[in-house]
Amino acid sequence: MMKLLRRVVDIKTGSEGPAHDPYSYTQIRVETKHVREDGYALVQDVELHEGLVEECRVRQYIDRRCVSFFTVEGSKDGRIVFEAMTGLTPEMAERCRLRLDTRCRCGSRQVRAENGYPGETLYVCARCDNVVSGHFNEESVR
Ligand SMILES: [Zn+2]
């Protein structure tokens, strides 16, 4: 059995492609660090990028040496690889990050996403409607 030491979920949004015809993208990255039975640290970095380019990039390191690096192209195949490597669907990873980040002053960790101003996503407490946190994608309002 490997022991999970750390899991980080990071989500980025922005735009890519030519300035006159930009594409919005979402990038979900899940980094995990395990300790193997032999004592070596296994770090896995899985990044799903969906925008103009659709692909899943996977990197694995054992004892800080890169032992595996590959990219799977296409949204469908990328999602399958993302899920296989992380054990999470992209949607689960997104919720997982919300859980890590947010807790309302009422103590609830249940939040729902709502659209605010253009480019803005608000996370609203499901129990008391308090705005817990916001996420602003400045690229989308340029
Ligand atoms: Zn609340």
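Everything that follows concerns the structure shown earlier in this document.
Residues numbered from 1 in each chain as written. Predicted model: local features only at pLDDT ≥ 70, side-chain atom pairs only at ≥ 80, totals over all residues.

(A) Structural context of the sheet that holds strand E4 (residues 54–62). The strand order E1-E2-E3-E4-E5 describes an open sheet built from 5 strands, whose pairing is antiparallel. Here the strands that pair on one side only, and so sit at the sheet edges, are strand E1 (3–16) and strand E5 (65–73). Taking each pair of neighbouring strands and ignoring which way they run, the sheet shows an average axis angle of 10°. In this sheet, E4 lies alongside strand E3 (residues 41–50) in antiparallel orientation, the contact comprising 9 bridges. Following the sheet pairing, His49 is matched in E4 by Glu55. (Pairing = 2+ DSSP bridges. Helix = DSSP H or I, 4+ residues; strand = E, 2+ residues; numbered from the N terminus. Axes fitted to C-alpha atoms, helices over the stretch in contact; angles between N-to-C directions.)

(B) Seen up close, the nonpolar core. Ranked by size, the top nonpolar core spans 10 residues in total: Val9, Ile28, Val30, Val46, Leu48, Cys56, Val58, Val81, Phe82 and Ala93. Secondary structure elements with two or more residues in this core: strand E2 (23–35), E3, E4 and helix H1 (75–86). With residues up to four places along the chain from it excluded, the contact list for Val81 reads Cys56, Val58 and Val72. (Core = buried A, V, L, I, M, F, W, Y, C linked by C-beta atoms within 7 Å. Buried ≥ 20, exposed ≤ 12 C-beta atoms within 10 Å, placed from the backbone. Contact = placed C-beta atoms within 7 Å.)

(C) Spotlight on the pairing of E5. Where burial is concerned, little of E5 is hidden: 0 out of the 9 residues are buried. Across 8 bridges, the pairing between E4 and E5 is antiparallel. Note on E5: the bridge partner recorded for Ile62 is Arg65. Counting the residues that bridge the hairpin from E4 to E5 gives 2 residues, and of these Asp63 lies at a positive phi of roughly 50°.

(D) Quick look at unusual backbone geometry. A positive phi angle, near 50°, is found at Asp63, a position not held by glycine. Within the secondary structure, Asp63 sits in the loop between E4 and E5. Notably, Arg64 is not glycine yet its phi reads approximately 70°, a positive angle. Along the chain, the position of Arg64 falls in the loop between E4 and E5. Exposure remark for Arg64: the 8 C-beta atoms within 10 Å place this residue in the exposed category.

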